[in-house]
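Summary of the model geometry
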Protein chains: 2
Amino acid sequence: MSLIVAALGGNAIIKKGEQGTFAQQFRNTFECMGYIAHLIRAGHQVVLTHGNGLQVGFIMIQVEAAAGKVPTAPLHVDVAQSQGSMGYMIAQSLINQLQEHGIDTCVAAVMTQVLVNRDDLAMKHPTKPVGAFYTRERAVELERRGHAIVEDSGRGWRRVVASPRPIRIIEAEIIKDLVQAGTIVVACGGGGIPVAEENGALNGVDAVIDKDLASSLLADEIKADVIMFLTTVDQVALNYNTPQQVELERLSLDEARQYLHDGQFPPGSMGPKIEAAVEFVECGGERAVVCRPKVVVEALAGRAGTVIE
Amino acid sequence: MSLIVAALGGNAIIKKGEQGTFAQQFRNTFECMGYIAHLIRAGHQVVLTHGNGLQVGFIMIQVEAAAGKVPTAPLHVDVAQSQGSMGYMIAQSLINQLQEHGIDTCVAAVMTQVLVNRDDLAMKHPTKPVGAFYTRERAVELERRGHAIVEDSGRGWRRVVASPRPIRIIEAEIIKDLVQAGTIVVACGGGGIPVAEENGALNGVDAVIDKDLASSLLADEIKADVIMFLTTVDQVALNYNTPQQVELERLSLDEARQYLHDGQFPPGSMGPKIEAAVEFVECGGERAVVCRPKVVVEALAGRAGTVIE
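Described in the following lines is the structure provided in the data block. Because the structure is predicted, anything quoted here is derived from the model rather than measured.

**Section: the overall build of chain A**
In terms of regular secondary structure, chain A is built from nine helices and 17 strands. Taking 309 residues into account, the globule formula puts the C-alpha radius of gyration at 19 Å, and chain A, at 19 Å, falls close to it. Projected onto its principal axes, the C-alpha positions of chain A cover 50 × 45 × 45 Å. Expressed as a percentage of its 309 residues, the buried residues of chain A come to 60%. Partitioning the contacts of chain A with sequence separation of at least 6, the portion at a separation of at least 24 is 74%. Here chain A has roughly 12,300 Å² of accessible surface; of this, 48% comes from carbon and sulfur atoms. Of note, chain A has its 27 positive side-chain charges centred 6 Å away from the centre of its 36 negative side-chain charges.

Encoded structure:
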């Protein structure tokens, strides 16, 4: 029986092509939690983490639309809001799946702050895509209005915000306590709420932390055995989306480092996963796995996905 | 040493006359957590609950303002968002105060779902004020657009939503575990996210639960010794705001029931507190206290506020 940190990709909750209505989000999350329930039924302890790229973007658009009518929330509060509502949705969906499977286990979504450094170079260079995908025309218009915009992995144009490196999970001890009590925990939502330490006090930082990097830090801090990145590809591939594409069943630490260095994995998608996987295994984690949510049980047994060890 | 559920009134976070900017909210919350830190320093275990009346109203206005641009969140998701961001703000503020006081205790904000009955009569009769205060003219306009509006305790006009009775705290066991591990817990924010059980599954309900009633239910379920309602008056009073006003140091269960029955306590403010206090003491709670946050330590010792026992 292993302690597993399972990091849900955005697609587990809003599928490609969907608008992201709340009916869709609840339906997709419920489906995904069905796969997680199988892990739990097999006796594993699970901590779930998740992205919030689209959701925090929606909230930013809402905040902007009501500016002048109600107080404008800073980005760290937007992140907290998305963590709250997504944590609720994931916990409720898992509770319902466990109920269907006849498993009597508690599920808790814990608000999670993650320490970052305000002097992180990334604070000056926004790179993390959030929110809706725009057409080129709309992107140009938004840029003129002062927003930082990038083209995101061929899927369209998006706003970008700063994404500093996670240093410490403020609630790690609490999450450990809950895991020890047998509770399934939803934590580090959206990569966690970024906070900096100033004169001994925590203060929110207007940024979004990469959820893969935050997840591997959490996995390290709670001494998880395995980290699993649940995503939309069967396996990690070299020469992705070219005729020379090669899918990988297994990656050693050295190979992973080398391919990362060679730029084999794009920054917006597979890059942070492999980077996070390398960090976790380097810190003593047993192994990291990249797979689709559907095959999470098989991938844990080494029969699907890609294993980094 | 007692286990105390401390229910923060809205004024602890947005003071009368303030706009409710996030700078104000963080400042007020930090100030209030200074008083809570004294309770913790005295050796008590504390679970904090809080209202979300203004905050969920702000979110509702933002959701409305961006309708058509991004998916529209249902009210139970709005409640979850406000619970997330307020839980974060309260936890961070308390962590900072404990740090200043040299107290090494963990603080966790836990997303909390609260079971309600979809057939609750209250579902058909919106009575719970949320969001901003409007002028009479604006209120008339909003009513014309289909919103339910009421005059709120002489402070202005506000939107109202349904407020069913809380039946069970879904995360009560988890909150108990955390308290036993010595963690200070923030829970049941905004009265909890209302959910109903349908064919064994939990589903969100578009409503807002009264935070005082949810707090006394939580206090009962986790077997707290004392519930404290932190509010803006020194003591519970009879004939409130009349020349015959009498402030009370002590109320027996019978007296409290009688005065409630006589309509001494207005529904929007002191009413639910006294009702919740009565329920808690009836269920075996040691006592309920109503006081200002500033005198929370004195009130626990019976030297300030009003005690119901």
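**Description of the interface of chain B and chain A**
In this complex, chain B contributes 51 residues to the contact, which on the side of chain A involves 51 residues. For the pair chain B and chain A, the summed buried area comes to about 4,000 Å², and 70% of that belongs to carbon and sulfur atoms. Looking at the side of chain B facing chain A, the largest losses of area belong to Gln 62, Pro 71 and Tyr 88 of chain B, adding up to 17% of the total buried there. Summed over the shared surface of chain B and chain A, the number is zero salt bridges. Applying the counting rule to chain B against chain A returns eight residue pairs in polar contact (both at pLDDT 80 or more). Sorting the residues of the side of chain B that touches chain A by element identifies helix H1 (22–41), helix H2 (53–65), helix H3 (75–100), strand E3 (107–109), helix H5 (172–180), strand E10 (193–198) and strand E11 (201–204) of chain B as the ones contributing at least two each. Here the side of chain B that touches chain A takes eleven residues from H3 of chain B, the largest share from any one element. Its residues assigned to classes, the side of chain B that touches chain A comprises 30 nonpolar, 17 polar and four charged.

**Some details on the sheet that holds strand E15 (residues 250–251) of chain A**
The strand order across the open sheet formed by eight strands is E3-E9-E2-E1-E12-E16-E17-E15 (chain A), and the pairing between neighbours is mixed. With one partner strand each, in any of the chains shown, strand E3 (107–109) and E15 of chain A form the two edges of the open sheet.

**Some words on the packing of aromatic side chains**
As enumerated under the stated definition, the model contains four aromatic pairs over all chains in all. With a centroid separation of 6.0 Å and an interplanar angle of 70 degrees, the aromatic rings of Phe 26 of chain A and Tyr 88 of chain A are classed as edge-to-face. Here Phe 26 of chain A, found in helix H1 (residues 22–41), pairs with Tyr 88 of chain A, found in helix H3 (residues 75–100); they are 62 residues apart in sequence, far enough to count as distant. Consider the rings of Tyr 259 of chain B and Phe 265 of chain B, whose centres lie 6.5 Å apart with planes at 90 degrees: the pair is edge-to-face. Stacked on the ring of Phe 133 of chain A, the Lys or Arg Arg 158 of chain A has its end atom at 4.4 Å from the ring centre.

**Regarding the relation of the copies chain B and chain A**
Look at the two chain copies: a rotation about an axis and a shift along it is all it takes to match them. Rotating chain B by 180 degrees and translating it 0.0 Å along the rotation axis places it on chain A, where the RMSD comes to 0.0 Å. The superposition of one copy onto the other is thereby described by a two-fold rotation axis. The share of interface residues of chain B whose copies in chain A are also at the interface is 100%, consistent with both copies meeting through the same surface.

**Digging into the nonpolar core**
Ranked by internal contacts, the top residues of the largest apolar core, which has 133 residues, are Leu 48 and Met 228 of chain A together with Leu 48 and Met 228 of chain B. Aside from chain neighbours lying at most four places away, what touches Met 228 of chain B is Ile 4, Val 5, Ala 6, Ala 7, Val 289, Cys 291, Val 296, Ala 299 and Leu 300 of chain B. In this structure, Leu 3, Ala 108, Ile 169 and Ala 187 of chain B belong to the second largest nonpolar core, which totals 98 residues.

Rules and cut-offs
- Counting from 1, residues in each chain are numbered in the order their sequence is written.
- Each chain takes a letter, starting from A, and each ligand takes a number, starting from 1, following the order in which they are written.
- Given that the model is predicted, a residue must reach a pLDDT of at least 70 before its local features are reported, and side-chain atom pairs must reach 80 or more before they are shown or counted; all residues, however, enter totals for whole chains, interfaces and linings.
- Hydrogens and water molecules were not included; the side-chain quantities draw on all heavy atoms of the structure.
- A helix here means a DSSP run of H or I that spans at least four residues, while a strand means a run of E at least two residues long, and both kinds are numbered starting from the N terminus.
- Using C-alpha atoms as the atom set, the radius of gyration is obtained and then compared with a globule rule of 2.2 Å times the number of residues to the power 0.38.
- Only protein chains enter the accessibility calculation, which uses a 1.4 Å probe. A residue is then buried if its area is under 20% of the maximum for its type, exposed if over 50%, and partly exposed in between.
- In what follows, a contact means two residues having at least one pair of non-hydrogen atoms within 4.5 Å.
- Per-residue and other accessible areas follow the Shrake-Rupley method at a 1.4 Å probe size, with only the shown protein chains counted as cover for residues.
- None of His or the chain ends enter the tally, which takes Lys and Arg as positive and Asp and Glu as negative.
- By convention, the point assigned to a charge is CZ for Arg, NZ for Lys, CD for Glu and CG for Asp.
- Here's the idea: put two parts together, see how much 1.4 Å probe accessible area each one loses, and the total over both is what we call buried area.
- Salt bridges are identified by distance alone: a Lys or Arg side-chain nitrogen within 4 Å of an Asp or Glu carboxyl oxygen.
- Each polar contact in these results corresponds to two N or O atoms within 3.5 Å; when the atoms are within protein, one needs to be able to donate a hydrogen and the other to accept it, and residues that are neighboring in sequence are counted only if both atoms are side-chain atoms.
- Only Asp, Glu, Lys and Arg are considered charged, only Ala, Val, Leu, Ile, Met, Phe, Trp, Tyr, Cys and Pro nonpolar, and every remaining residue, Gly among them, polar.
- Should DSSP find at least two bridges between two strands, the strands are taken to pair.
- Classification of ring pairs rests on two measures: the distance between centres of Phe, Tyr or Trp rings, Trp counted by its six-membered ring, which must be within 6.5 Å, and the angle between planes, read as stacked under 30 degrees, edge-to-face over 60 and tilted in between.
- Charge over a ring is defined by NZ of Lys or CZ of Arg lying within 6 Å of the ring centre and within 35 degrees of the ring normal.
- C-alpha atoms of residues with pLDDT of at least 70 in both copies form the basis for the least-squares superposition of the copies.
- We define a nonpolar core as any set of buried Ala, Val, Leu, Ile, Met, Phe, Trp, Tyr and Cys residues linked to one another through side-chain atoms lying within 4.5 Å.

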